[in-house]
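For reference, the chains in residue letters:
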Amino acid sequence: MEQQCDSRAVFKHHLTKKHLAFLKQYVMDMCRRKNLHQADLLARAGNKVTDKEYRFTQRKQKKRKATLDKPCITATVQVPDTETVTAGYHP
């Protein structure tokens, strides 16, 4: 702890890096004692995705979903003395 008031219950405290690390360790220890399956708060994320990459994939998925949700336009043509032909069109 950097300052005495960082961990007192009555005082409004600011969160320092040391205090945050202490709290993460405390939560992880508590979860291990009680056999809770908590994600590891102390490990660093291996594959970080930037905000720009995340937004790009979200837009791409939204466009893909929009094209899949469009109804398929089908037409059935009856030609005399031959088979029925069905054609599909996706705009």
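Before reading on, note that the structure itself is shown above.
Computed from a predicted model, the values in this text were never measured in an experiment.

Basis of the calculations
- Residues numbered from 1 in each chain as written.
- Predicted model: local features only at pLDDT ≥ 70, side-chain atom pairs only at ≥ 80, totals over all residues.
- Heavy atoms only, no water.
- Helix = DSSP H or I, 4+ residues; strand = E, 2+ residues; numbered from the N terminus.
- Buried < 20%, exposed > 50% of the residue type's maximum accessible area, 1.4 Å probe, protein only.
- Phe/Tyr/Trp six-rings, centres within 6.5 Å; stacked < 30°, edge-to-face > 60°.
- Patch = residues over 30% accessible without salt bridge, like charges linked within 9 Å, V, L, I, M, F, W, Y side chains within 5 Å.
- Areas by Shrake-Rupley, 256 points an atom, 1.4 Å probe, with all protein chains shown as cover.
- Salt bridge = Lys/Arg side-chain N within 4 Å of Asp/Glu carboxyl O.

Asks: Any chance you could explain unusual backbone geometry here in plain terms?
Replies: Working note: non-glycine residues mostly have negative phi, and peptide bonds are mostly trans. One non-glycine residue, Asn35, lies in the positive phi region at around 55°. Tracing the chain through its elements places Asn35 in the loop between helix H1 (17–33) and helix H2 (51–69). Here Asn35 falls in the exposed class, since its relative accessible area comes to 62%.

Asks: I'm lost on the packing of aromatic side chains in this one. Help?
Replies: One pair of aromatic rings is described through two measures. These are the centre distance and the angle between the planes. What the rule picks out here adds up to 1 aromatic pair. For the pair Phe22 and Tyr26, a centre-to-centre distance of 6.4 Å together with 25° between the ring planes defines the contact as stacked. One end of the pair, Phe22, and the other, Tyr26, are both in helix H1, 4 residues apart, so they sit about a helical turn from each other. Residue classification places Tyr26 among the partly exposed positions, given a relative accessible area of 47%.

Asks: How do you make sense of a nonpolar patch on the surface when you look at a structure like this?
Replies: On the surface, a nonpolar cluster with roughly 470 Å² of combined accessible area is contributed by Leu15, Leu20, Phe22, Leu23 and Tyr26. Overall, the relative accessible area of 43% leaves Phe22 in the partly exposed class.

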